[in-house]
Amino acid sequence: MPSKKIIICCFLLFLMLAGCRQAPAEEVAVQELLLETDFIEPGAWPEEINVELGTAVQFTNSGYELSSASATYVWSFGVESYENAVLETTAQQLSREPNNAYGLVCRASSQDSPNGYYFLISGDGLVSIRRVERDLSSPIVDWQPHGAVRQGRRTNRLEALCIGEYLALYVNGQLVAEGTDGRFSQGFVGFAASGSEDGSVQVTFNNLTVHAAEIDSQ
């Protein structure tokens, strides 16, 4: 029978591990609000249905919906360009297939090009930060599982940080991925989604806020 001292030490270690969360590499100072929308009324955000590619971007009663019938990315960006920003949205997956990708995009080079930084989660609980350029997707943080992601057809709160070369993704308040890259310094913000060889993706983004931000040097 283990001693009382061993039991107490094991219990304390369990509490420490349970409460341990990844500390960010950079402290960020969030500044003024630059954009806020709940997508109740169509405005500056585009709508497009591409039958040939099997993709759609449209307003619904629930919010701003992106769908793709294959592993082709569908994306949509706003009309304002930002340099250093913190993006936040609430997303709900509507499709059943968990093998997919969806999330936020910052520093997109144009509204007609997929280039930019992608902050993604999947319906089966994976997270990734990627640089998309010339139709190639390169990992800044490759796909990895994280318990912060609510899997399947559930709602997740996503937050993406694009400040200088520092990039970070938060899911439901937890830091799940961070890295650095200097390829893109400013650009448009928005959303992206992709299905897979296993099936399609359909996801609704209920809102979007964009705040100015900087690295806190203090």
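Residues numbered from 1 in each chain as written. Predicted model: local features only at pLDDT ≥ 70, side-chain atom pairs only at ≥ 80, totals over all residues. Heavy atoms only, no water.

**Q** Any chance you could explain the overall build of the protein here in plain terms?
**A** A count of helices and strands for the protein gives one helix and 16 strands. Burial statistics for the protein: of 218 residues in total, 44% are counted as buried. A sequence separation of at least 24 residues applies to 66% of the contacts in the protein between residues at least 6 apart. Element-wise, carbon and sulfur atoms account for 49% of the exposed surface of the protein, whose accessible area totals about 11,300 Å². (Helix = DSSP H or I, 4+ residues; strand = E, 2+ residues; numbered from the N terminus. Buried < 20%, exposed > 50% of the residue type's maximum accessible area, 1.4 Å probe, protein only. Contact = heavy atoms within 4.5 Å. Areas by Shrake-Rupley, 256 points an atom, 1.4 Å probe, with all protein chains shown as cover.)

**Q** Help me understand the pattern of salt bridges in this model?
**A** A side chain of one charge can pair with a side chain of the opposite charge if their charged atoms are brought near each other. Enumeration according to the criterion identifies five salt bridges in this entry. Residue Arg-157 is joined to Glu-88 by a salt bridge in which the shortest nitrogen-to-oxygen separation is 3.2 Å. With Arg-157 in strand 11 (residues 155–163) and Glu-88 in strand 6 (residues 85–93), this pair connects stretches of sequence that are 69 residues apart. Look at Glu-88 and you get partly exposed, because its relative accessible area is 26%. Between Arg-131 and Asp-181 there is a salt bridge, with the nearest N and O atoms lying 2.6 Å from each other. Taken as a pair, Arg-131 in strand 9 (residues 126–133) and Asp-181 in the loop between strand 13 (174–180) and strand 14 (187–194) lie far apart in primary sequence, 50 residues in all. (Salt bridge = Lys/Arg side-chain N within 4 Å of Asp/Glu carboxyl O.)

**Q** I would appreciate a short explanation of the pairing of strand 4 (residues 64–68) in the present structure.
**A** The buried fraction of strand 4 amounts to five of the five residues, a majority that puts the element mostly inside the structure. Because side chains alternate across strand 4, one face comprises the buried residues Tyr-64, Leu-66 and Ser-68, and the other comprises Glu-65 and Ser-67, equally buried. As defined by bridge partners, strand 3 (residues 55–59) adjoins strand 4 across five bridges and the pair is classed as antiparallel. When the sheet's bridge partners are listed, Thr-55 is paired in strand 4 with Ser-68. As defined by bridge partners, strand 4 adjoins strand 15 (residues 201–205) across five bridges and the pair is classed as antiparallel. (Pairing = 2+ DSSP bridges.)

**Q** Would you take a moment to explain unusual backbone geometry for this structure?
**A** Outside of glycine, negative phi angles account for most residues, and trans bonds account for most peptide bonds. Positive phi is not limited to glycine here, since Arg-134 has a value of about 55 degrees. Examined against the element boundaries, Arg-134 turns out to sit in the loop between strand 9 and strand 10 (136–145). Despite not being glycine, Asp-135 shows a phi value in the positive range, around 65 degrees.

**Q** When you look at the packing of aromatic side chains in this model, what are you seeing that I'm missing?
**A** The full count for this structure, using the stated rule, is eleven aromatic pairs. Taking 5.6 Å as the distance between ring centres and 80 degrees as the angle between the ring planes, the aromatic pair formed by Phe-39 and Trp-45 counts as edge-to-face. The exposure class assigned to Phe-39 is buried, which follows from its relative accessible area of 2%. Trp-45 gets classed as buried once you look at its relative accessible area, which sits at 10%. Measuring from ring centre to ring centre gives 5.8 Å for Phe-39 and Phe-191, while their planes differ by 65 degrees; the resulting arrangement is edge-to-face. (Phe/Tyr/Trp six-rings, centres within 6.5 Å; stacked < 30°, edge-to-face > 60°.)

**Q** Sorry if this is basic, but what is going on with the side chain of Glu-133 here?
**A** Position of Glu-133 among the secondary structure elements: in strand 9. Take Glu-133: its relative accessible area is 18%, and that puts it in the buried class. Only 2.7 Å separates the side chain of Glu-133 from the side chain of Arg-183, close enough to count as a polar contact. Excluding residues within four positions of it along the chain, Glu-133 makes contact with Asn-115, Arg-183 and Phe-184. (Polar contact = N/O pair within 3.5 Å; in protein donor to acceptor, adjacent residues only side chain to side chain.)

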